Amino acid sequence: MSRLSRRQALALTIGAPLMVRLTPASATPGAMQAAIASWSKGAAIEPGLVTLTLPLLVASGNAVPLKVMVDSPMTPEDHVAEIAIFNERNPLPDVIRFHFTPASGRAQAETRIRLSDTQKVHAIARLSDGTFRSAAVNVVVTAPACVEN
Amino acid sequence: MATMIGLPKSAKPGDIVEVKLLLAHPMESGFRGDFDGNKIPRDIITEVRCLYLDELVFRAEFFPAVSANPFLGFTFRAVKSGSVTFTWTDMDGNESHEVREITVE
């Protein structure tokens, strides 16, 4: 085992506390996590399969265009039943829920949402086999919704 | 502003039809205050449904984070000619609906 050089040791001393600090900051706030768990009934959620499209930076958080889609054959045996949108920093963690059937043809929907602050928006799809897949997009908001009159 | 519905007049069987819906509604979040500092009570649409040939093809549940004058875009698979019904419900249970016809051949 190689010994640490003085330079590496120094980097670790400075870097280690930073890593500890950064981890909680990027973790999703508890209210949203609780809302997701109650919606998914605690099921495991695996990232992927979901395409969530939002602008990366918006001037106003009053009407942010959101588009979500999941590549799915949309057959009675294999389709997307629901896509729920959650956010981290609005007064309420829920945003909108889209429900699909095989007759929807595509698991795709768009709308416009309010964002009170710069934050991550999460889309979680519930598939007909009972599994959950997700995607998240960070949106920088320069003038938030909800607070101004 | 009135309700606006974007639905093609016709489609071929099996086509994926794109629907766009714009509802006239303030979607008052319940988090805002007026000039006197009183809270403006929440007033939102809670659910939008789309039925095609009497079958549910799409449904959305709204929360206060949906923007004023809500916009929805979604799809359904064309099967045969018939009516497409859009129904939206507010938090007091008031229901509104619009019906459009689509020709599928």
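Here the structure is shown first, and the text comes after it.
Just to check I follow, could you spell out the overall build of chain B for this structure?
Scanning chain B from N- to C-terminus turns up 0 helices and 8 strands. Listing the helices and strands of chain B from first to last along the sequence gives β-β-β-β-β-β-β-β. When the backbone C-alpha atoms are referred to their principal axes, chain B occupies close to 60 × 20 × 20 Å. When each of the 105 residues of chain B is scored for burial, the buried share is 29%. For chain B, the proportion of contacts with a sequence separation of at least 24, taken over those separated by at least 6, is 57%.

Please explain the interface of chain B and chain A as it appears in this structure.
Note: interface size is frequently given as the accessible area lost on complex formation between the parts. Between chain B and chain A, the residue contacts involve 27 residues of the former and 27 residues of the latter. The set of elements that each furnish at least two residues to the side of chain B that touches chain A consists of strand S5 (55-62) and strand S6 (71-77) of chain B. Considering only residue class, the side of chain B that touches chain A consists of 17 nonpolar, 5 polar and 5 charged. Where strand S6 (residues 94-100) of chain A meets S5(B), 5 bridges bridge the pair, whose relative direction is antiparallel. Bridged to A:Phe100 within S5(B) is B:Phe58.

Teacher, can you tell me more about the pairing of strand S3 (residues 16-22) of chain B here?
On a regular strand, each side chain points to the face opposite its neighbour's, so the side chains alternate between the two faces of the sheet. All names here are of chain B. Because side chains alternate across S3, one face comprises the buried residues Val17, Val19 and Leu21, and the other comprises Ile16, Glu18, Lys20 and Leu22, none of which is buried. When strand S1 (residues 4-6) meets S3, the two strands line up antiparallel, connected through 3 bridges. Looking at S3, one finds that Gly6 is bridged to Lys20. Taken together, the 7 bridges between S3 and S6 define a ladder with antiparallel strand orientation. Following the sheet pairing, Leu21 is matched in S6 by Leu72.

Would you mind going over the sheet that holds S6(B) with me for this structure?
The pairing of strands in a sheet happens through backbone hydrogen bonds and is either parallel or antiparallel. Spatial ordering of the open sheet is given by S2(A)-S4(A)-S7(A)-S6(B)-S3(B)-S1(B), a layout of 6 strands whose pairing is antiparallel. Each edge of the open sheet is held by one strand with a lone partner, namely strand S2 (50-53) of chain A together with S1 of chain B. Each adjacent strand pair in this sheet contributes to an overall mean axis angle of 15 degrees, direction not counted.

What should I look at first to understand the pairing of S5(B) in this one?
Residue and element names in this part refer to chain B. Two strands pair when backbone bridges link them, and strand S4 (residues 45-52) and S5 are joined in this way by 6 bridges, in the antiparallel orientation. In the sheet register, Glu47 faces S5, and the bridge partner there is Glu61. Taking the residues between adjacent antiparallel strands as the criterion, S4 and S5 are bridged by 2 residues, where Leu53 takes a positive phi near 55 degrees.

Explain unusual backbone geometry to me, please; I cannot follow it from the model alone.
A negative phi angle characterises most non-glycine residues, just as the trans form characterises most peptide bonds. Residue and element names in this part refer to chain A. Positive phi, close to 55 degrees, is recorded for Lys41, a residue that is not glycine. Within the secondary structure, Lys41 sits in the loop between helix H2 (30-40) and strand S1 (45-47). Residues other than glycine seldom take positive phi values, yet Leu49 does so here, at roughly 75 degrees. Structurally, the position occupied by Leu49 is in the loop between S1 and S2.

Honestly, the environment of B:Ile40 in this entry has me stumped. Any pointers?
Along the chain, B:Ile40 turns up in the loop between S3 and S4. Between the alpha carbons of B:Ile40 and B:Glu28 there is a distance of 7.6 Å; along the sequence they are 12 residues apart.

Rules and cut-offs
- Every chain's residues receive numbers from 1 upward, in the order its sequence appears when written.
- Each chain takes a letter, starting from A, and each ligand takes a number, starting from 1, following the order in which they are written.
- With pLDDT at 70 or above as the cut-off, local features in this predicted model cover only qualifying residues; side-chain atom pairs require 80 or more to be listed or tallied, and sums for whole chains, interfaces and linings still use all residues.
- Strands are runs of DSSP state E lasting at least two residues, helices are runs of H or I lasting at least four, and both sets are numbered from the N terminus onward.
- Exposure criterion: with C-beta atoms placed from backbone coordinates, a residue whose C-beta has 20 or more other C-beta atoms within 10 Å is buried, one with 12 or fewer is exposed, and one in between is partly exposed.
- Note that contacts rest on C-beta atoms placed from the backbone: two residues are in contact if these are within 7 Å.
- All residues other than Ala, Val, Leu, Ile, Met, Phe, Trp, Tyr, Cys, Pro, Asp, Glu, Lys and Arg, Gly among them, are scored as polar; the first ten of these are nonpolar and the last four charged.
- Paired strands are those between which DSSP finds at least two bridges.
- Lines are fitted to the C-alpha atoms to define the axes, a helix being fitted only along its stretch in contact, and any angle between axes, read from their N-to-C directions, falls within 0 to 180 degrees.

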